[in-house]
Amino acid sequence: MSVYRVTEIIGTSRTSWEDAAKEALAAAAGSLRDLRVAEVLQQDIALSPDGQLEAYRTKLRVSFKYESDMMRPERVGAEFGYAQPSA
């Protein structure tokens, strides 16, 4: 059985909504393991005070496999005093 978490992220780009989505996913992949699905929720444009386009923004909902601290290999058995010390 697996459990997945879902969170929303927003990426920005000066060139396109697609690049904004890629930026968001690249950043998420740097800190989240086992990303599964990304769904585009919203696209908008950030404007400067004078109305000029500053950035394309894409909001994504992403899911990734949930792992509690006790389920990480180095922590399994910790509640019984058997966990291996972290390197």
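Note that the structure is a prediction, hence the values are computed from the model and not measured. (Residues numbered from 1 in each chain as written. Predicted model: local features only at pLDDT ≥ 70, side-chain atom pairs only at ≥ 80, totals over all residues. Heavy atoms only, no water.)

Trainee: Describe a nonpolar patch on the surface, and please don't skip the residues or the numbers.
Mentor: Judged by side-chain polarity, Trp17, Ile45, Leu47 and Leu53 come together as a nonpolar surface patch covering roughly 340 Å² of accessible area. With respect to the secondary-structure elements, Leu47 resides in strand S2 (residues 35-47). Classification of Leu47 as exposed rests on a relative accessible area of 53%. (Patch = residues over 30% accessible without salt bridge, like charges linked within 9 Å, V, L, I, M, F, W, Y side chains within 5 Å. Areas by Shrake-Rupley, 256 points an atom, 1.4 Å probe, with all protein chains shown as cover. Salt bridge = Lys/Arg side-chain N within 4 Å of Asp/Glu carboxyl O. Helix = DSSP H or I, 4+ residues; strand = E, 2+ residues; numbered from the N terminus. Buried < 20%, exposed > 50% of the residue type's maximum accessible area, 1.4 Å probe, protein only.)

Trainee: An account of the pairing of S2 is needed here, citing residue identities and associated values.
Mentor: Note that S2 and strand S3 (residues 53-65) share 11 bridges and pair antiparallel. When the bridges of S3 are listed, Gln42 appears paired with Lys59. The antiparallel pairing of S2 with S3 creates a hairpin that spans 5 residues between the two strands, and Gly51 there sits at a positive phi of about 85°. (Pairing = 2+ DSSP bridges.)

Trainee: Account for unusual backbone geometry, naming residues and giving values.
Mentor: Look at Asp34: it is not a glycine, yet its phi comes out positive at around 60°. Structurally, the position occupied by Asp34 is in the loop between helix H1 (17-31) and S2. Its relative accessible area of 34% is what places Asp34 among the partly exposed residues.

Trainee: Could you give an account of the side chain of Ser63, with specific residues and numbers?
Mentor: Structurally, the position occupied by Ser63 is in strand S3. What makes Ser63 buried here is its relative accessible area of 13%. For Ser63, the contacting residues outside a window of four places in its chain are Arg5, Val6, Asp34, Leu35, Arg36 and Val37. (Contact = heavy atoms within 4.5 Å.)

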